[in-house]
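Geometric and topological summary
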Amino acid sequence: MAAKKISTVLSRSFSSAAAPPCFFSRVRGGGGQSRLISRYNTTLAAVEDPITPPVSVKYNQLLINGQFVDAASGKTFPTLDPRTGEVIAHVAEGDVEDVNRAVSAARKAFDEGPWPRMTAYERSRIIWRFADLLEKHTDEIAALETWDNGKPYEQSAKIEIPMTVRIFRYYAGWADKIHGLTVPADGPYHVQTLHEPIGVAGQIIPWNFPMLMFSWKVGPALACGNTVVIKTAEQTPLSAVYAAKLFHEAGLPDGVLNVVSGFGPTAGAALASHMDVDKLAFTGSTDTGKIVLELASKSNLKPVTLELGGKSPFIVCEDADVDQAVELSHSAVFFNQGQCCCAGSRTFVHERVYDEFVEKAKARANQRAVGDPFKEGIEQGPQVDSDQFEKILRIIRSGVESGANLKAGGDRFGTTGYYIQPTVFSDVQDDMLIAKEEIFGPVQSIFKFKDLDEVIQRSNNSRYGLAAGIFTHNLDTANTLSRALKVGTVWINCYDVFDAAIPFGGYKMSGNGREKGIYSLNNYLQVKAVVTSLKNPAWL
Ligand SMILES: NC(=O)c1ccc[n+]([C@@H]2O[C@H](COP(=O)([O-])OP(=O)(O)OC[C@H]3O[C@@H](n4cnc5c(N)ncnc54)[C@H](O)[C@@H]3O)[C@@H](O)[C@H]2O)c1
């Protein structure tokens, strides 16, 4: 298939300096929606003529003990371009033996190597130098991310890579501020707590935000003095290995960070069940979360943090400015092709504004700029792979069959690759599959509600509890809802605010533990109590 040069399409380069600090830090002003619509309404770009990505694949091997190596089996697997389904590159396919090699390198680097023995300030400086290098290489990494995943290049380059840099700088700042306490105890004892690294951290990440997930996992683990083996998602192996190479250029000792690409049931399961992995952190589906938890408990009882699925409510109250609510709820569900664990995928709208909201949500979805993610101004690229594409179309069909009102979209977009039309259903009932299943796609489901007690009960009626959005200017309503909702994050008049300092994680089957912020340090530290007997102490 003929590919256009990106330079003919991208009229300006995207500098990380211009990046906003979060996905969506505040509600757009009243004119925001019409500005966006007029900017994008020439699009629905052709997707049959893909743009050549402005990058080539340099690294396609495993990174173990500071060296690029092939898989022990010699096997590779193809990573595919979601715009076309064509092969981008063949990547080393790590499995049990490679995980064993990587864990033993990480073990040695922890037990004998310099990393936990360096001063915390030295560790901090290496992480900081890496963040500088990452920032310098924003364009290449953003292009790899878009090529492998399908997300808009502007989103990769202006939001996600800058956020990744920010996460590493945040944890570089923590490295030399981690310390225990002096604890008063009954009796003649000096009691202190030591906050020690756990050891070898095993980490398994998904494909929806490959670099951000890399930063949420690797940043706190290294800041605390642990060593790491990270398994990337088989759909998106390219960016993490590039970043890990930069980490070594920044001075990271060999064996401290090992990257294994490969599949879940082989490489992922080997990591989760490894006897020499001291801690496991996982992000992905709830079903796989259950598997890795079981593997961890059946092996060495390693502690596990889980960041899993969601079906998050976005609640539009009766006092809402409808234009603003439409815009924010649209971005809450459609951002990243809808492939967000915290997507606001259940839009609850008060009956007083419901009809107007539905018509405007439909219009906004019809205006969404879908097309080649390397094209400027594109809001939505293809879904990550054929499995996700087929699954989403299947769930959309079930929505139609179960009697929800299809207001927009409902089918694939174009004839090539894994693009899906922005889809909106109204009149959705709580017992429909589209209301319960995590769709992980560009599908908005709109529900009508009458009063707060009802919307609280319906919002909480889910096995998930990851996040919620509330749209109101009534302080009492916001306070009532934010305390009643059983979720790990509540965004009030904003959505998807992912500052490095804000903890993120789920209630119920959305997981356990928190990532980002100070809370993530606890995942990677052991607390040791040291009790020393005192002879003739001057005071107790
Ligand atoms: N919470 C999130 O951020 C998130 C991210 C991606 C996918 N999902 C959800 O998961 C669904 C399926 O996506 P998926 O198949 O890529 O997710 P997944 O849970 O299968 O994959 C996530 C990671 O787990 C690994 N994995 C898979 N099986 C494993 C096993 N048996 N042992 C150890 N590791 C294993 C994968 O290789 C990948 O690295 C999506 O439709 C979506 O609902 C959620």
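Conventions we followed
Residues numbered from 1 in each chain as written. Predicted model: local features only at pLDDT ≥ 70, side-chain atom pairs only at ≥ 80, totals over all residues. Heavy atoms only, no water. Salt bridge = Lys/Arg side-chain N within 4 Å of Asp/Glu carboxyl O. Buried < 20%, exposed > 50% of the residue type's maximum accessible area, 1.4 Å probe, protein only. Helix = DSSP H or I, 4+ residues; strand = E, 2+ residues; numbered from the N terminus. Pairing = 2+ DSSP bridges. Phe/Tyr/Trp six-rings, centres within 6.5 Å; stacked < 30°, edge-to-face > 60°. Lys NZ or Arg CZ within 6 Å of the ring centre and 35° of its normal. Core = buried A, V, L, I, M, F, W, Y, C linked by side-chain atoms within 4.5 Å. Domains from an automatic or database assignment. Contact = heavy atoms within 4.5 Å. Buried area = accessible area lost by both parts, 1.4 Å probe. Polar contact = N/O pair within 3.5 Å; in protein donor to acceptor, adjacent residues only side chain to side chain. Axes fitted to C-alpha atoms, helices over the stretch in contact; angles between N-to-C directions. Parallel < 35°, antiparallel > 145°, perpendicular 65-115°, else oblique. Left-handed = near helix turned anticlockwise from the far one by under 90°. Nonpolar A, V, L, I, M, F, W, Y, C, P; charged D, E, K, R; others polar. 1 Å grid on protein atoms, 1.4 Å probe; cavity = no way out; pocket = protein on both sides within 12 Å on 5 of 7 lines; lining within 4 Å. Points joined across faces, edges and corners; volume = space filled by probe spheres on them. UniProt positions renumbered as here; feature names shortened; annotations may be inferred. Right-handed = clockwise from strand over helix to strand, strands pointing away.

Let's talk about the pattern of salt bridges
The final tally for this structure, using the stated rule, is 26 salt bridges. Asp176 is the partner of Lys177 in a salt bridge, and the nearest nitrogen-oxygen pair spans 2.8 Å. For Asp176, a relative accessible area of 37% translates into the label partly exposed. For Arg364, the salt bridge identified is with Glu327, shortest N-O distance 2.8 Å. Placement of Arg364 in helix α11 (residues 354-367) and of Glu327 in helix α10 (residues 322-334) is noted, with a sequence separation of 37 residues between them. There is no split in this pair, since Arg364 and Glu327 are both buried. Taken together, the shared-partner salt bridges connect Arg107, Asp111, Asp276 and Asp278 into one network.

Some words on the sheet that holds strand β24 (residues 525-533)
Judged by pairing direction, the sheet is antiparallel, and its 3 strands sit side by side in the order β7-β8-β24 without closing on themselves. Two strands lie at the open edges of the sheet, namely β7 (182-183) and β24, each paired on one side alone. As judged from the 9 bridges shared by strand β8 (residues 189-197) and β24, these two strands associate in the antiparallel manner. Residue pairing for β24: Leu194 is matched across the bridge by Lys528.

As for the packing of aromatic side chains
For any pair of aromatic rings, the description consists of the separation of the ring centres together with the inter-plane angle of the planes. With the rule as written, the count across this model stands at 20 aromatic pairs. Seen from their ring centres, Trp216 and Phe498 are 5.8 Å apart, and the 40 degrees between their planes marks the pair as tilted. Remark: Phe498 occurs in the loop between β21 (489-492) and β22 (507-508) and Trp216 occurs in helix α6 (residues 210-223); sequence separation between them is 282 residues. Under the relative-accessibility criterion, Phe498 is labelled buried at 7%. Here the basic side chain of Arg123 rests over the ring of Trp115, its NZ or CZ set 6.0 Å away from the ring centre.

Comments concerning the nonpolar core
Within the largest apolar cluster, 102 residues are counted, with the highest numbers of intra-cluster contacts made by Phe214 and Phe247. Shared between two domains, this core takes at least three residues from each, and those domains are domain 1 (62-308) and domain 2 (313-500). Not counting chain neighbours up to four residues away, the residues in contact with Phe214 comprise Phe130, Phe168, Ile205, Gly219, Ile230, Ala240, Ala243, Ala244 and Leu257. Within the second largest apolar cluster, 27 residues are counted, among which are Phe389, Tyr418, Ile420 and Phe447.

With respect to the domain arrangement of the protein
As assigned here, the protein comprises domain 1 (62-308) and domain 2 (313-500). Each of domain 1 and domain 2 was reduced to a C-alpha centroid, and the two centroids are 31 Å apart. For the pairing of domain 1 and domain 2, the buried interface totals around 2400 Å² over both sides, and the portion due to carbon and sulfur atoms is 61%. On the domain 1 side of the contact with domain 2, Pro82, Arg83 and Trp207 bury the most area, a combined 25% of that side's loss. One can count 1 salt bridge joining domain 1 with domain 2. Remark: the boundary between domain 1 and domain 2 carries 8 residue pairs in polar contact (both at pLDDT 80 or more). When contributions to the side of domain 1 that touches domain 2 are tallied by element, the ones reaching two or more residues are α4 (138-149), α5 (153-174) and α9 (286-298).

Thoughts on the packing of α4 against α5
Close contact between α4 and α5 brings their axes to 8 Å; oriented N to C, the two are set at 125 degrees. As far as their axial angle goes, α5 and α4 are oblique. Of the two possible hands of crossing, α4 and α5 adopt the one that is right-handed. Between α4, through Thr138, Asp139, Ile141, Ala142, Ala143, Glu145 and Thr146, and α5, the contact on the second element is made entirely by Tyr153, Ser156, Ala157, Glu160 and Ile161. Class assignment for the residues of the contact of α4 with α5 results in 6 nonpolar, 3 polar and 3 charged.

Re empty space enclosed by the protein
Using the criterion set out here, one finds 6 cavities of 30 Å³ or more in the structure. Of the volumes computed, that of the largest cavity is approximately 90 Å³. Taken together, 12 residues line the largest cavity, and the ones lying closest to its centre are Phe209, Met213, Trp216, Cys341 and Phe498. Here the element with the most residues in the lining of the largest cavity is α6; it accounts for 3 residues. Shared between two domains, the lining of the largest cavity takes at least three residues from each, and those domains are domain 1 (62-308) and domain 2 (313-500).

Remarks on the UniProt feature "active site" (unreviewed entry) in the protein
With numbering matched to this structure, UniProt assigns "active site" (unreviewed entry) to Glu307. By secondary structure assignment, the location of Glu307 is in strand β13 (residues 304-307). Glu307 sits in the buried class, given a relative accessible area of 3%. The contacts of Glu307, once residues within four sequence positions are left out, are Trp216, Phe282, Thr283, Gly284, Cys341, Leu466, Phe504, Ser510 and Glu515.

A short note on the sheet that holds strand β18 (residues 443-449)
Taken together, the 7 strands give an open sheet; going across it, the order is β16-β17-β18-β15-β14-β20-β21, and neighbouring strands pair in mixed fashion. Of all the strands in the sheet, the pair left with one neighbour each is β16 (405-408) and β21. On average, each strand axis in the sheet is inclined to that of its neighbour by 20 degrees, with strand direction left out of account. Sheet topology places strand β20 (residues 467-471) next to β21; 4 bridges connect them, and they run parallel. Bridge pairing in β21 links Ala468 to Val490.

So, the pairing of strand β12 (residues 279-283)
Of all 5 residues in β12, 5 are buried, a share of seventy percent or more. The two faces of β12 match: Lys279, Ala281 and Thr283 on one face and Leu280 and Phe282 on the other face are all buried. Pairing analysis gives 4 bridges linking strand β9 (residues 200-204) to β12, with the strands arranged parallel. Directly across from Ile204, in β12, lies its bridge partner Phe282. As defined by bridge partners, β12 adjoins β13 across 4 bridges and the pair is classed as parallel. Residue pairing across strands places Thr283 opposite Glu307, the latter belonging to β13. Where the polypeptide runs from β12 across α9 and back to β13, its parallel neighbour, the crossover connection is right-handed.

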